[in-house]
Amino acid sequence: MPAPVTPLLTADAVILDPARGVVLVRRGHAPFAGMWALPGGFVELGEPTDAACRREAREETGLEVETVQLLGVYSAPGRDPRGHTVSAIYLCRVVGGELAGGDDAAEARWFATLEGIELAFDHARVLADAGILPTAAIR
C-alpha cells in the first residue's frame, strides 16, 4: 500500500523574555523573504516536535532554549503558500547561547513591541494566542 499524502510537519518557537520581549527572525528565503517570523522549521524523520523546536531555535537564532509548554497546533491548509503544513508551536525560554541569525534566517532580533511589524505565515495569530499581540492586530 502506498504511503498516504499528508501535510508536512513543522515546529516553531515563541521565545519569550519578560525584559526583552519575543525573538523573531528575518526570513532569508521564500516564501516571505525579508519578513519577520517565529524561528522554526520542518521536523526531521524520527524527531519529536519539541526537539525539532529546540533544534530550529538554535540553528536560526544561536539560542539554546527549553520548551515550557505547547502553545498550540496550527493546521489551516492555507497557512503556508508552499503547501499544507501543520505546526506544533511551543512557548520557550532561553537557557544559553548568543542571539545571532543563522541557517536560513537572515537576522534574529528581540522585539519588545511588535507595532508596525508585518509577520509571515499566520504568526500574528500565534502571537495573539500567546497574548503578545492584541487580537485586533490580526488582519
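Below is a summary of the structure that appears in this document. What you see is a predicted model, and the numbers here were worked out from it, not measured in a lab.

Helix and strand counts for the chain come out as 2 helices and 7 strands. The order of α-helices and β-strands along the chain, N terminus first, is β-β-β-β-α-β-β-β-α. A compact globule built from 139 residues should have a C-alpha radius of gyration of about 14 Å, and the chain, at 14 Å, falls within 12% of that. Considering the chain as a whole, with its 139 residues, one finds that 42% of them fall into the buried category. When the accessible surface of the chain is totalled, it reaches about 7300 Å², and 54% of it is carbon and sulfur. The positive charge centre, built from 12 side chains, and the negative charge centre, built from 19, are 3 Å apart in the chain.

Attention now moves to the pattern of salt bridges. Within this structure, the stated rule accounts for 13 salt bridges. What you see here is one network of salt bridges that share partners, running through E44, E47, R55, E56 and E59.

Turning our attention to the environment of P81. Within the secondary structure, P81 is located in the loop between β5 (63–74) and β6 (85–97). Ignoring any residue separated from it by four or fewer positions in sequence, one finds P81 in contact with P31, F32 and F121.

This paragraph deals with the nonpolar core. Counting 16 residues, the largest nonpolar core has V14, L24, L114, L119, L127 and L133 as its most contacted members. Of all the secondary structure elements, the ones that give two or more residues to this core are β2 (21–27), β6 and α2 (123–129). If one sorts the elements of this core by residue count, α2 sits on top with 4 residues. Not counting residues up to four positions away in its chain, the partners in contact with L24 are W36, A37, L38, E107, A108, R109, F111, L114, I117, L119 and L127.

Another aspect to go through is unusual backbone geometry. In this chain, A30 is followed by P31 through a cis amide linkage whose omega measures -5°. Structurally, P31 can be placed in the loop between β2 and β3 (36–37). In this model, F32 sits at a positive phi of 65°, which is unusual for a non-glycine residue. One non-glycine residue, F121, lies in positive phi territory at about 50°. In this fold, F121 is placed in the loop between β7 (105–111) and α2. Of the residues examined, F121 reaches a relative accessible area of 19% and is grouped as buried.

The subject of this paragraph is the side chain of E47. Along the polypeptide, E47 turns up in the loop between β4 (40–42) and α1 (49–61). Under the relative-accessibility criterion, E47 is labelled buried at 16%. Ignoring sequence-local partners within four residues, the contact set of E47 consists of F42, A52 and R55.

What counts and what doesn't
- Residues numbered from 1 in each chain as written.
- Predicted model: local features only at pLDDT ≥ 70, side-chain atom pairs only at ≥ 80, totals over all residues.
- Heavy atoms only, no water.
- Helix = DSSP H or I, 4+ residues; strand = E, 2+ residues; numbered from the N terminus.
- Rg over C-alpha atoms; globule rule 2.2 N^0.38 Å.
- Buried < 20%, exposed > 50% of the residue type's maximum accessible area, 1.4 Å probe, protein only.
- Areas by Shrake-Rupley, 256 points an atom, 1.4 Å probe, with all protein chains shown as cover.
- Lys, Arg positive; Asp, Glu negative; His and termini not counted.
- Charge placed at Lys NZ, Arg CZ, Asp CG, Glu CD.
- Salt bridge = Lys/Arg side-chain N within 4 Å of Asp/Glu carboxyl O.
- Contact = heavy atoms within 4.5 Å.
- Core = buried A, V, L, I, M, F, W, Y, C linked by side-chain atoms within 4.5 Å.

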